[in-house]
Amino acid sequence: MLFDVIVVGAGFAGSVIAERCARVLGKRVLIIEKRAHIGGNAYDCYDDHGILIHQYGPHIFHTNQKFVIDYLSNFTTWIEYQHRVQALIDGSYVPLPFNLNTIQQLFPQHLAMQYIELLIQRVGFGKRTTILQLRELSSEPLLQQLAEFVYQKVFLNYTLKQWELRPEELNPTVTGRVPVVISYDDRYFADEYQMMPKSGYTAMFHKMLSDQNIHYLLNTDYQDIVKIDFINKKIQLFGQEFSGLLVYTGKIDEFFGYCFGELPYRSLHFAFEHLPQIDSYQKVGTVNYPNDYSYTRITEFKKITQQRHSGTTIVREYPQRYDRHKAGADIPYYPLPQPTNEKLYQQYKNLAATWSNVIFVGRLAEYRYYDMHHVVARALHVFEKEILPKFSNQ
Ligand code: FAD
Ligand code: UDP
């Protein structure tokens, strides 16, 4: 056998596993990636104007888990970056997450003070809550009025654009990602570690995968070279029996030929625009447009990467339905967290558990709305708990 481990997908999940298998275990790893590059959705590159952009939407690194930073620091140095976001509400650009500053900017002073006092009384200064919890919290009419305002002006229309669903139709953790903050902390993320890889994500991935035991094939759908015998649970690579480990980070329903039906996803269209001789397009890295336009947000990359350049590049995100048969809408960016989809995923997960030589990990393979740090932590965990024992028993 030429390889001990096959990894499908060169995003965070696949790359971390490949790196660990090669460096810690000395295993020969083949990564198969259908895109023309490594890095998965975190891929970045320089555009035609020399500005570092994130091809699949803005990616900001944040985590509370020091071991995740320690691990990635083997492959990159960092620049400090605390992401700040504004939302256009009633004609004003106000800080998001919705916090005490936002209240002061949106309401007359006496009303703002009343809202702030009530929030501090009912929720507590320094606490975070979610919009869905805030709506349930109190029968106090003034607090209900505020909760309704935030729901209508920040969450409802953005969520309808992004998901074609109302906030309460999704798992509450989705809108819970952007809390209501009872303090003046206007950072988008509250995590202890917030930073960007100094030379970009792709450079970090190149270092991660620069082991002589790692080979990767780009522009290759794994199904073209890996054949799976679902009855006998056998795998072939290039027509030869493969008895090693397959680590799969693509869509779990695709792996099983959609046998229980398709798991739904949301996709996006990214519209990039370069503005020559404009040093700064907007005040902060990202501006959200909950109620205006058909896009959800505009990100200006230079604000995040801190690159110096006489022009600037921005990207607008247009949500769209995912359709694997339709070019342009065929990238599954977001799993759709709803109970019925979770049930369907559990069917695939149970089937996956019967395959001892295949491991499913990552946002697509586990149908989880993971951030990058979740995926790194998860891949390191899977390596320690599932892969190491497999090889040490051989
Ligand atoms: P992916 O990165 O999707 O990698 C899977 C890889 O498998 C892909 O490269 C795919 O091409 C390949 N593949 C799939 N099927 C096949 C096949 N049949 N054959 C061969 N290859 C295949 N996270 C953050 O922490 N901070 C952020 O600011 C942030 N912003 C985001 C913004 C957007 C718009 C999106 C969509 C996501 C964002 N994320 C962010 C989440 C982040 O992108 C993911 O957590 C992470 O990239 C998931 O890594 P992964 O390896 O699981 O999946
Ligand atoms: N959200 C919203 N209004 C906003 C920002 C977020 O309604 O201005 C909701 C929306 O449902 C969104 C979710 O909160 O999908 C999570 O937002 P986040 O910014 O974390 O989304 P991501 O960066 O993953 O696209």
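So, here's what we can say about the structure.

Reading the values: the criteria
- Starting afresh in each chain, residues are numbered from 1 along the sequence in its written order.
- In the order they appear in the text, chains get letters beginning with A and ligands get numbers beginning with 1.
- The model is predicted, so local features are restricted to residues of pLDDT at least 70 and side-chain atom pairs to those at 80 or more, both for listing and for counting; the totals for chains, interfaces and linings are taken over all residues.
- Side-chain numbers here rest on the full set of heavy atoms in the structure, without hydrogens or water.
- Whether a residue is near a molecule or strand is decided by its heavy atoms; if any one of them lies within 4 Å of it, the residue is near.
- Here a polar contact means two N or O atoms within 3.5 Å. Within protein one must be a hydrogen donor candidate and the other an acceptor candidate, and residues neighboring in sequence count only if both atoms are side-chain atoms.
- Numbered from the N terminus, helices here are DSSP runs of H or I no shorter than four residues, and strands are runs of E no shorter than two.
- Ten residues, namely Ala, Val, Leu, Ile, Met, Phe, Trp, Tyr, Cys and Pro, are considered nonpolar, four, namely Asp, Glu, Lys and Arg, are considered charged, and the remaining ones, Gly among them, are considered polar.
- Axis definition: a line fitted to C-alpha atoms, limited for helices to the stretch in contact. Angles are taken between N-to-C directions and run from 0 to 180 degrees.
- For a crossing to be left-handed, the near helix must be turned anticlockwise from the far one by less than a right angle; the clockwise case is right-handed.
- Note on contacts: a residue pair is in contact if any heavy atoms of the two residues lie within 4.5 Å.
- Per-residue and other accessible areas were derived by the Shrake-Rupley procedure at a 1.4 Å probe size, with only the shown protein chains allowed to occlude residues.
- A pair of strands is labelled paired if DSSP reports no fewer than 2 bridges between them.
- Burial here depends on accessible area, computed with a 1.4 Å probe over protein chains only, as a share of the maximum for the residue type. Under 20% is buried, over 50% is exposed, and the range in between is partly exposed.
- This arc is taken over the directions from the axis of the helix to the C-beta atoms.
- Side-chain rings of Phe, Tyr and Trp, where Trp is taken by its six-membered ring, are said to pair if the distance between their centres is within 6.5 Å; with planes under 30 degrees apart they count as stacked, over 60 as edge-to-face, and otherwise as tilted.
- Distance and angle both matter: a charge sits over a ring if NZ of Lys or CZ of Arg is within 6 Å of the ring centre and within 35 degrees of the ring normal.
- Roughly parallel here means an angle under 35 degrees, roughly antiparallel means over 145, roughly perpendicular means 65 to 115, and every remaining angle is called oblique.

### A closer look at the site of ligand 1
Part 1 of the reasoning: What surrounds ligand 1 is a group of 32 residues, the closest being Glu33, His59, Ile60, Tyr370 and Met372.
Part 2 of the reasoning: His59 is positioned with one of its side-chain polar atoms (N or O) 2.7 Å from an oxygen atom of ligand 1.
Part 3 of the reasoning: Between ligand 1 and the protein, one listed contact pairs an oxygen atom with a backbone N or O atom of Asp371 at 3.4 Å.
Part 4 of the reasoning: Elements with a minimum of two residues in the shell around ligand 1: α1 (12-23), β17 (265-275) and α13 (372-392).
Part 5 of the reasoning: Of the residues that constitute the shell around ligand 1, the class distribution is 16 nonpolar, 9 polar and 7 charged.

### Comments concerning the packing of α1 against α13
Part 1 of the reasoning: Interhelical geometry of α1 versus α13 gives an angle of 40° and a closest axis separation of 9 Å. The handedness of the crossing between α1 and α13 is right-handed. For the pair formed by α1 and α13, the contact residues are Phe12, Ala13, Val16, Ile17, Arg20 and Cys21 on the first element and Met372, Val375, Val376, Ala379, Leu380, Val382, Phe383 and Ile387 on the second.

### Here's the deal with the site of ligand 2
Part 1 of the reasoning: In the region of ligand 2, 16 residues are neighbours, and Trp163, Arg177, Tyr188, Tyr334 and Tyr369 sit closest.
Part 2 of the reasoning: Take Tyr188: an N or O atom from its side chain is 2.6 Å from an oxygen atom of ligand 2.
Part 3 of the reasoning: Asn288 places a polar side-chain atom, nitrogen or oxygen, 3.0 Å from an oxygen atom of ligand 2.
Part 4 of the reasoning: A total of 520 Å² of accessible area belongs to ligand 2 in isolation, and the protein chains cover 94% of it.
Part 5 of the reasoning: Every element with two or more residues in the shell around ligand 2 is listed here: α6 (141-163) and α7 (173-176).
Part 6 of the reasoning: Counting residues per element, the shell around ligand 2 draws most heavily on α6, which supplies 6 residues.
Part 7 of the reasoning: The residue makeup of the shell around ligand 2, split by class, is 10 nonpolar, 4 polar and 2 charged.

### Comments concerning the sheet that holds strand β21 (residues 334-335)
Part 1 of the reasoning: Here we have 7 strands laid out as an open sheet, ordered β8-β7-β18-β19-β20-β17-β21, and mixed in their pairing. Because the sheet does not close on itself, it has two edges, and the strands there are β8 (92-96) and β21.
Part 2 of the reasoning: Most of the contacts of α6 go to β17, to which it runs at about 100°, and overall it touches β7 (85-89), β8, β17, β18 (286-288), β19 (297-300), β20 (312-321) and β21.

### Topic: helix α8 (residues 201-208)
Part 1 of the reasoning: Of the positions making up α8, those classed as buried are Tyr201, Thr202, Met204, Phe205 and Met208. Buried residues along α8 cover an arc of 155° about the axis, so they all sit on one side.

### As for the side chain of His83
Part 1 of the reasoning: Checked against the element boundaries, His83 lands in the loop between β6 (78-80) and β7.
Part 2 of the reasoning: When its relative accessible area of 3% is taken as the criterion, His83 is described as buried.
Part 3 of the reasoning: Within the local environment of His83, its side chain forms a polar contact with the side chain of Tyr81, the two groups lying 2.7 Å apart.
Part 4 of the reasoning: What His83 contacts, discounting residues up to four positions off in sequence, is Ile60, Arg187, Tyr188, Phe189, Gln194, Gly285, Thr286 and Ile304.

### Some details on the packing of aromatic side chains
Part 1 of the reasoning: Within this structure, the stated rule accounts for 35 aromatic pairs.
Part 2 of the reasoning: Ring geometry for Tyr222 against Tyr248: centres 5.3 Å apart, planes inclined by 70°, an arrangement best described as edge-to-face. Note that Tyr222 is positioned in helix α9 (residues 222-225) and Tyr248 in strand β16 (residues 245-248), a separation of 26 residues in sequence.
Part 3 of the reasoning: Each ring, one from Phe255 and one from Trp355, has its centre 6.0 Å from the other, and the planes form 85°; the classification is edge-to-face. Pair noted here: Phe255 is in helix α10 (residues 252-255) and Trp355 is in the loop between α12 (339-352) and β22 (358-360), with a separation of 100 residues, a long-range link.
Part 4 of the reasoning: By way of ring pairs, the aromatic residues Tyr222, Phe230, Tyr248, Phe255, Phe256, Phe260, Tyr348, Trp355 and Phe360 are connected into one cluster.
Part 5 of the reasoning: One cation-aromatic arrangement involves Arg324 over Tyr258; the distance from NZ or CZ to the ring centre is 3.8 Å.

### Things to note about the sheet that holds strand β13 (residues 226-229)
Part 1 of the reasoning: Strand order in the open sheet made by the 3 strands is β13-β14-β15, with antiparallel pairing throughout. The open sheet has two free edges, formed respectively by β13 and β15 (240-242), since each of these has just one partner strand. Averaged over neighbouring strand pairs, the angle between their axes works out to 35° when direction is ignored.

### Looking at the packing of α1 against α8
Axes are the key here: two packed helices are described by the angle between their axes and the distance separating the axes.
Part 1 of the reasoning: The contact between α1 and α8 brings their axes to 10 Å, and the two run at 30°. When the axis of α1 is compared with that of α8, the two are roughly parallel. Where α1 abuts α8, its residues Phe12, Ser15, Val16, Glu19 and Arg23 lie against Tyr201, Met204, Phe205, Lys207 and Met208.

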